[in-house]
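Tertiary structure, described
Spelled out from the first residue to the last, the chains are:
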Amino acid sequence: MYDETLRTQKEVLLCQDGSNTLYSKEFDEPYHSTKDGALHESLEKYVKPSLSLKSSQEKLIILDICFGLGYNTFATVYYIKKYNIKTKVHILSPEFDEKLVRSLDTFDFPPEFESIKTIIKAISKNLYYEDDQFKIEILLGDARESILKIKEKIDIVYQDAFSPTHNPLLWTYEWFRDVRGICKDDAILTTYSTAAAIRLGLYENGFYIFVHRAEMMRYSTVASLEMLEDMEYIDIELKKIRNTEARSMKDRDYIKEMNA
Ligand SMILES: C[S@@+](CC[C@H](N)C(=O)[O-])C[C@H]1O[C@@H](n2cnc3c(N)ncnc32)[C@H](O)[C@@H]1O
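This section reports on the structure supplied with the text.

Calculation notes
Residues numbered from 1 in each chain as written. Predicted model: local features only at pLDDT ≥ 70, side-chain atom pairs only at ≥ 80, totals over all residues. Heavy atoms only, no water. Helix = DSSP H or I, 4+ residues; strand = E, 2+ residues; numbered from the N terminus. Rg over C-alpha atoms; globule rule 2.2 N^0.38 Å. Buried < 20%, exposed > 50% of the residue type's maximum accessible area, 1.4 Å probe, protein only. Contact = heavy atoms within 4.5 Å. Areas by Shrake-Rupley, 256 points an atom, 1.4 Å probe, with all protein chains shown as cover. Lys, Arg positive; Asp, Glu negative; His and termini not counted. Charge placed at Lys NZ, Arg CZ, Asp CG, Glu CD. Phe/Tyr/Trp six-rings, centres within 6.5 Å; stacked < 30°, edge-to-face > 60°. Lys NZ or Arg CZ within 6 Å of the ring centre and 35° of its normal. Polar contact = N/O pair within 3.5 Å; in protein donor to acceptor, adjacent residues only side chain to side chain. Pairing = 2+ DSSP bridges. Near = heavy atom within 4 Å. Nonpolar A, V, L, I, M, F, W, Y, C, P; charged D, E, K, R; others polar. Axes fitted to C-alpha atoms, helices over the stretch in contact; angles between N-to-C directions. Left-handed = near helix turned anticlockwise from the far one by under 90°.

A short note on the overall build of the chain
When helices and strands are tallied, the chain shows ten helices and twelve strands. A globule of 260 residues ought to have a C-alpha radius of gyration of about 18 Å, and the chain, at 18 Å, matches this closely. Dimensions along the principal axes, computed over C-alpha positions, put the chain at roughly 50 × 45 × 40 Å. Relative to its full complement of 260 residues, the chain shows a buried share of 55%. Here the contacts in the chain between residues at least 6 apart in sequence split such that 68% fall between residues at least 24 apart. Taken as a whole, the chain presents about 12,600 Å² of accessible surface, with 49% of it coming from carbon and sulfur. If the 35 positive side-chain charges of the chain are averaged to one point and the 44 negative ones to another, these points end up 1 Å apart.

Right, here's the structure in full:
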């Protein structure tokens, strides 16, 4: 289904915010938008909106889909340390590219991550890190299988797979159903995708949908299992009336294609 040879073929790309990302030949796509920037995108689309919506909680469990270069996880730790936030954080992150994670101690990360170098090294070596405030676990293997084994109940989901076109099985109705199954009743999900099909897949699994706007950044999506105040709500029922063709993605359309 996935190509192990192509998986090893990656090129470093410099993003407009000065941080580095990679180009994946396997998925024919960069790991981050070079325009939005790897670090900038992590902070603005994932870390800041999530931590601000969950600022009252003493402990947070985050599902980071998928680990990749670890920007979303590392930016979370960086941000919490920088602002001396006391919240305890447990991050679970599926990833099937073990070689990539093991190579991260030599990846040229931005200077902001200097202060968390020991954490990056530990993840790269052990695929695990723990101290008094942070616990980070890489779940090696296919995310579709890994998330079914998670026992923890999730507060925040960072939905950051490759695009729905190139990585469809991490964007279907059934994927979001399984994600929903391990979420707390007030969980939120942040994602760069603003596609109607993705928002529908989330909505059909009980998520309310909101627009998230950040400075110098394309808008993105926040989904929540509870209605949120002070966020730009999207009425999906109205969208369905206006766009009768829109459908959520379904496993059957992609599994068939991959088995053909
Ligand atoms: C867009 S990148 C993630 C970027 C990451 N969030 C970051 O901040 O660096 C997508 C990642 O998903 C992984 N991936 C794709 N399909 C997967 C699957 N079915 N199971 C586990 N990992 C998968 C790829 O190997 C890649 O590392």
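Details of the packing of aromatic side chains
Counting across every chain of the model gives 16 aromatic pairs. Residues Phe27 and Phe162 carry aromatic rings whose centres are separated by 4.4 Å and whose planes lie at 25° to one another, so their mutual orientation is stacked. Here Phe162 lies in the loop between strand E8 (154-159) and helix H7 (173-181) and Phe27 lies in the loop between strand E2 (20-24) and strand E3 (29-30), a separation of 135 residues in the sequence. Accessibility assignment for this pair places Phe27 and Phe162 in one class, buried. Plain terms: the ring middles of Phe67 and Phe74 are 5.6 Å apart, the flat faces sit at 90° to each other, and that makes the pair edge-to-face. Under the relative-accessibility criterion, Phe74 is labelled buried at 0%. These aromatic residues form a ring-pair network of at least three members: Phe67, Tyr71, Phe74, Tyr78, Phe107, Phe109 and Phe113. Here Arg213 stacks its cationic end above the ring of Tyr219, 5.5 Å away from the centre of that ring.

Side note on the environment of Tyr233
Looking at the element boundaries, Tyr233 is found in strand E12 (residues 232-234). Judged by its relative accessible area of 40%, Tyr233 is partly exposed. Along the backbone, Tyr233 and Val222 are eleven residues apart, and their C-alpha atoms lie at a distance of 9.4 Å. If we skip the residues at most four places from it in the chain, Tyr233 touches Tyr208, Ile209, Phe210 and Met227.

Looking at the side chain of Ser33
Mapped onto the elements of the fold, Ser33 is located in the loop between E3 and helix H2 (38-53). Classification of Ser33 by relative accessible area gives buried; the value is 17%. Engagement of the side chain of Ser33 in a polar contact is seen with the side chain of Arg218, the distance being 3.3 Å. Apart from the residues lying within four places of it in its own chain, the contact partners of Ser33 are Cys15, Ala38, Glu41 and Arg218.

Things to note about the pairing of E2
Burial analysis of E2 places four of its five residues in the buried class, which makes it a mostly covered element. Where strand E1 (residues 10-14) folds back on E2, the antiparallel hairpin that results is connected by five residues, among which Gly18 adopts a positive phi of roughly 90°. Judged from the two bridges that link them, E2 and E3 form a sheet pairing that is antiparallel. Bridge pairing in E3 places Tyr23 opposite Pro30. The loop that links E2 with its antiparallel partner E3 comprises four residues; one of these, Asp28, has a positive phi angle of about 55°.

Points about the site of the ligand
In the vicinity of the ligand there are 22 residues, among which Cys66, Leu69, Glu95, Ala143 and Asp160 approach most closely. With respect to the ligand, the backbone of Gly70 contributes an N or O atom lying 3.3 Å from an oxygen atom. Here Ala143 contributes a backbone N or O atom positioned 2.8 Å from a nitrogen atom of the ligand. Calculation on the ligand without its partners gives an accessible area of 600 Å², and the protein chains cover 99% of this total. Looking at side-chain class alone, the shell around the ligand contains twelve nonpolar, six polar and four charged residues.

Some points on the packing of H2 against helix H3 (residues 71-82)
As a packed pair, H2 and H3 sit with axes 9 Å apart at the nearest point and diverge in direction by 65°. Crossing handedness for the pair H2 and H3: right-handed. Across from Ala38, Leu39, Ser42, Leu43, Tyr46, Val47, Lys48 and Leu51 in H2, the residues of H3 making contact are Tyr71, Asn72, Ala75, Thr76, Tyr78, Tyr79 and Ile80. Its residues assigned to classes, the contact of H2 with H3 comprises eleven nonpolar, three polar and one charged.

From the geometry alone we can't say anything about function, so treat these as descriptive.
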